Amino acid sequence: RIRESIKEAKAQRCTFRTGPELEITGYGCEDHFHEGDTFLHAWESLADLLSDDTTDGILCDIGMPVMHRNVSYNCRVWCLNRKIVGIRPKIYLANDGNYREMRYFTPWWTDPQSVGFGELEQYFLPVSVKQATGQTKVPFGIFAVSAHDTVLATETCEELFTPNAPHILMSLDGVEIFANGSGSHHQLRKLNTRVSLVKGATEKAGGVYLYANQKGCDGGRLYFDGCCMIWVNGKLVSQGSQFGQLDEVEVCVATVNLSDVRAFRASFISRSYQASAAPTIPRVEVDFALGDPRALALSASPEIEVRIHDPMEEIAFGPSFWLWDYLRRSAQRGYFLPLSGGADSSSTATMVAIMCQRVVAELKTGTDRSKAQVLQDIRRITRDSSYTPTDARELCGRIFVTCYMGSQYSGEETRSRAAGLAEAIGSLHTSIRIDGMCDAVKECFKKAEVHSGPTTNDKLIRDPVMGGCSTENLALQNIQARSRMVMSYFMAQLMPWAASGDRTTAAGSLLVLGSANVDEALRGYYTKYDCSAADINPIGGINKRDLKQFLEWAARERGIAVLQRVADAKPSAELTGAEGEQEDEVDMGMSYQELGDLGYCRKVLHCGPLSMFLKLRSTHWWGDGRNLSKSIRTANDGMKTQDDRIAQKVKDFWFYNAINRHKMTTLTPSYHAENYSPDDNRFDLRPFLMNPMFAAQFRAIDRAVKEAAEAKQAWE
């Protein structure tokens, strides 16, 4: 892919090319970066790139890990004409949220007492690269590349996000072109931040800024959404797609006039005054000119408008592309989904449908390279070497199985919605009843025998009933949910065989999709190891509010009318009684809107119980007098003020989050889309055994409520 991108850049007469962070190995190697083999094979790949004419006539900035003096660094390797120009290690590593770079790499140290970025060291090249380049050693450190007609430098991903980003000092020292190789994942409404940072990098200091980002699923929960950009003096002149194509290679090019940069800077007198006293950054000279000798025959690329997707489009395209990447790389036969007709599973099914639409569209409108790759992937997944889908519904029927898993408590409305959605998108839809499985478990429990301990066989109660005590009710609800999980995996393994008949004896099963949303995970409102336990979950990082809007968007924009019925219905688990009697928000004692606000305060604003209460009581949150849902932990009659109600809601949230925290350790790997995700694997690291009473914190909330009431009374 790197070679293809360089070839495409050269074909468009480019003289400089930059690529994503750690592009040779892939950003998501994680603990594989602790293995010497990873570094060895990275150098072998670079040696291969330098062994032919790939880098002839084009300056290349390539991302890869490098070990220098037994220390691992995240580096940019500059290459030109089959030689290495220098190696630039990353100074500021991303080490929060989803990022753990300091687990694998060490930041390049620069003396804070000295001005600039320090002296260059020498890096002695491995044998494979020596043989390819004829070089023995190259510069290692922070430097600028000095060509005949301009000066270039690089900063890597996180460095752009820091308050004192390297490009600031570099621009004052005359660097005119900046390259940023990034590994930035998609998150809802995040692109705005990226755009503003890249724009700001040259809007005040002037210059040309190239931003390259990874694209696709890198083997984990993250989806890297591309959207490479080129900016000149704060104006966008080229932008790649965020979700536009399935092609693994996308080249974003522009023609820039460096005279515009020089004029911009020279006319900014305050900037010139600072630059006149700026420290000098080490230069590595190259015998190369970036400018076209026929410059007078060229025109600079014009300014264009920034393209940013609507959040509903982000939900439609991000997870659906992630699902396709995951499926084709897993080499499995497709997806299986327990389709209940509710908002969550319907959202997941719609994402698979959009995935199929995008795949079929790529066969018609993609590049020759992507058409060939996609068709090859389709045939490998379907185990049919001659298959070419005619439309998205046909492809959906070949790789997507849905099943309505009803029980005596299921309603006709949900069954109808599930069937209508399956028909609209073309999935192979089935239905079963799980009552037999549940009854079998209850019968098995009746035969339990006591062999020792404080009770006897004749005293053991063996007949739990729905409508009995809470222990009975929960156990009987949970066995319904867990039966669905068992049946999901059973059907996922058998359906390729059962549906294909004699057409194939090829191995492989369906991947089971989960459909638990981020708010229910925060509250713990799901059964551990129920049908939320799956192989992957495309909506696990998306809140209920956004999912409802997404369903409305898909009904309108994708012509799936039944989704409006789904969006309008009140969420219900349908585990206890007649249709419509069990509502999720009543069961939880909090609305999805409230859960979204509570989760945002907890993770994004870093609030504990007291600070969460103080935030939410303000008038631009819940202090505006809005109605809050009734608590299920205490009598609501005693709460006379809004502060009382907010305090109780905060206490309820922390209580249920604590007692259900153990469930987070078993969450199905989910597409990361929301910045308050409770994913325990890497994003939200907390103990999974906590005291749910939060005695000191809750007493502090009570004091705050009392003091506020006393102050209000005194003011009146």
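Structural data are supplied above this passage.
It should be emphasised that the depicted structure is a prediction, and the values quoted were computed from it without experimental measurement.

Undergrad: Summarise unusual backbone geometry; cite the residues concerned and give the values.
TA: A positive phi is found at asparagine 70, a non-glycine position, where the angle reads about 65°. Mapped onto the elements, asparagine 70 comes out in the loop between β2 (59–68) and β3 (71–80). Taking relative accessible area as the criterion, asparagine 70 reaches 73% and is therefore assigned exposed. Although it is not a glycine, asparagine 81 sits at a positive phi angle of roughly 50°. Asparagine 81 gets classed as partly exposed once you look at its relative accessible area, which sits at 33%.

Undergrad: Give a detailed account of the packing of aromatic side chains, specifying residues and quantitative values.
TA: In this structure the tally under the stated criterion is 26 aromatic pairs. Between phenylalanine 33 and tyrosine 104, the ring centres sit 5.9 Å apart and the planes meet at 50°, which makes this aromatic pair tilted. Taken together, the positions of phenylalanine 33 in the loop between β1 (16–18) and α2 (36–50) and tyrosine 104 in helix α3 (residues 101–104) put the pair 71 residues apart, joining distant regions of the chain. Take tyrosine 104: its relative accessible area is 12%, and that puts it in the buried class. Between phenylalanine 550 and tryptophan 553 the ring centres are 6.2 Å apart and the planes differ by 20°, which places this aromatic pair in the stacked class. Placement of both phenylalanine 550 and tryptophan 553 in helix α18 (residues 544–557) is noted, with a separation of three residues, approximately one turn of the helix. Tryptophan 553 shares its class with phenylalanine 550; the two are buried.

Undergrad: Just give me the short version of the state of the cysteines, but keep the residues and values in it.
TA: Scanning all chains against the criterion turns up zero disulfides. Between cysteine 157, a free cysteine, and cysteine 227, which holds the nearest cysteine sulfur, the sulfur-to-sulfur gap is 14 Å.

Undergrad: Can you tell me about the side chain of arginine 17, naming the residues and giving the values?
TA: Tracing the chain through its elements places arginine 17 in strand β1. Since its relative accessible area comes to 7%, arginine 17 is described here as buried. In this structure the side chain of arginine 17 is engaged in a polar contact, spanning 2.8 Å, whose partner is the side chain of glutamate 23. Excluding residues that lie within four positions of it along the chain, arginine 17 makes contacts with Ile2, Ser5, Ile6, Ala9, Glu23, Ile58, Leu59, Cys60, Asp61 and Ile62.

Undergrad: Tell me about the sheet that holds strand β18 (residues 428–433), and name the residues and values.
TA: The pairing of strands in a sheet happens through backbone hydrogen bonds and is either parallel or antiparallel. The four strands are arranged β18-β17-β16-β19 in an open sheet whose pairing can be described as parallel. Looking at strand neighbours, the two that pair on one side only are β18 and β19 (510–512), the edges of this open sheet. In this sheet, adjacent strand axes meet at a mean angle of 25° when their direction is disregarded. The sheet contact formed by strand β16 (residues 334–338) and β19 spans three bridges and is parallel. Note on β19: the bridge partner recorded for phenylalanine 336 is valine 512. Strands in contact with helix α11 (residues 343–365) are β16 and β17 (400–406); relative to β16, the strand with the most contacts, it is inclined by about 160°.

Undergrad: Explain the packing of helix α22 (residues 609–616) against helix α25 (residues 695–715) to me, and be specific about the residues and the numbers.
TA: Each pair of packed helices gets described by two things: the angle between the helix axes and the distance between those axes. Contact geometry of α22 with α25 gives a least axis separation of 8 Å together with a crossing angle of 30°. In terms of their interaxial angle, α22 and α25 are classed as roughly parallel. Listed contacts from α25 to Pro609, Leu610, Phe613 and Leu614 of α22 are Gln697, Phe698, Ala700, Ile701, Ala704 and Val705. Classifying every residue of the contact of α22 with α25 gives nine nonpolar, one polar and no charged.

Undergrad: Which residues make up the pairing of β16, and what are the values?
TA: Across the five residues of β16, five count as buried, placing the element largely inside the fold. Pairing of β16 with β17, which is carried by four bridges, proceeds in the parallel orientation. Pairing of tyrosine 335 across the sheet is with phenylalanine 400, part of β17.

Undergrad: Before we move on, could you go through the sheet that holds strand β14 (residues 235–239) and cite the residues and values that matter?
TA: Across the sheet, seven strands lie side by side as β14-β13-β10-β9-β8-β7-β15; this open sheet has mixed pairing. Of all the strands in the sheet, the pair left with one neighbour each is β14 and β15 (283–285). Going across the sheet, the axis of each strand differs from the next one's by a mean of 20°, ignoring polarity. As defined by bridge partners, strand β10 (residues 208–213) adjoins strand β13 (residues 229–232) across four bridges and the pair is classed as antiparallel. Within β13, the residue paired with valine 208 across the bridge is valine 232.

Undergrad: Now, about the nonpolar core: what can you tell me, with residues and values included?
TA: Counting residues in hydrophobic clusters, the biggest one holds 60 residues, and the most contacted among them are Leu323, Trp324, Tyr335, Met355 and Phe400. Element by element, the count of residues in this core is highest for α11, at eleven residues. With residues up to four places along the chain from it excluded, the contact list for tryptophan 324 reads Leu246, Met355, Val359, Val374, Asp377, Ile378 and Ile381.

Undergrad: Before we move on, could you go through the environment of glutamine 12 and cite the residues and values that matter?
TA: With respect to the helices and strands, glutamine 12 occurs in the loop between α1 (2–11) and β1. Residue classification places glutamine 12 among the partly exposed residues on the basis of a relative accessible area of 42%. Sequence separation of glutamine 12 and valine 251 is 239 residues, and the distance between their C-alpha atoms is 9.7 Å. Sequence-distant contacts of glutamine 12, that is, excluding residues within four places in its chain, are made with Val251 and Val253.

Undergrad: Got a sec to walk through the pattern of salt bridges? Specific residues and values, please.
TA: Using the criterion set out here, one finds 50 salt bridges in the structure. Arginine 69 is the partner of glutamate 121 in a salt bridge, and the nearest nitrogen-oxygen pair spans 3.3 Å. Highlighted residues: glutamate 121 in strand β5 (residues 121–124) and arginine 69 in the loop between β2 and β3, separated in sequence by 52 residues. Measuring nitrogen to oxygen at the nearest pair gives 2.8 Å for the salt bridge that ties aspartate 684 to arginine 686. Its relative accessible area of 27% is what places arginine 686 among the partly exposed residues. Each of Arg1, Glu248, Asp325, Arg328, Arg329, Asp377 and Arg380 takes part in one network of salt bridges that share partners.

Undergrad: I'd love a proper account of α25, names of residues and values included.
TA: For α25, spanning 21 residues, the distance from its first C-alpha to its last is 30 Å, which sits close to the expected 30 Å at 1.5 Å a residue. Within α25 the residues assigned to the buried category are Phe698, Ala700, Ile701, Ala704, Val705 and Ala708. Seen from one end, α25 has its buried residues packed into an arc of 155°, which puts them on one side. Turned more than 90 degrees away from the buried face of α25, the exposed residues are Lys706, Gln713 and Ala714.

Thresholds applied
Residues numbered from 1 in each chain as written. Predicted model: local features only at pLDDT ≥ 70, side-chain atom pairs only at ≥ 80, totals over all residues. Heavy atoms only, no water. Helix = DSSP H or I, 4+ residues; strand = E, 2+ residues; numbered from the N terminus. Buried < 20%, exposed > 50% of the residue type's maximum accessible area, 1.4 Å probe, protein only. Phe/Tyr/Trp six-rings, centres within 6.5 Å; stacked < 30°, edge-to-face > 60°. Disulfide = S-S within 2.5 Å. Polar contact = N/O pair within 3.5 Å; in protein donor to acceptor, adjacent residues only side chain to side chain. Contact = heavy atoms within 4.5 Å. Pairing = 2+ DSSP bridges. Axes fitted to C-alpha atoms, helices over the stretch in contact; angles between N-to-C directions. Parallel < 35°, antiparallel > 145°, perpendicular 65-115°, else oblique. Nonpolar A, V, L, I, M, F, W, Y, C, P; charged D, E, K, R; others polar. Core = buried A, V, L, I, M, F, W, Y, C linked by side-chain atoms within 4.5 Å. Salt bridge = Lys/Arg side-chain N within 4 Å of Asp/Glu carboxyl O. Expected span 1.5 Å × (residues − 1). Arc of directions from axis to C-beta.

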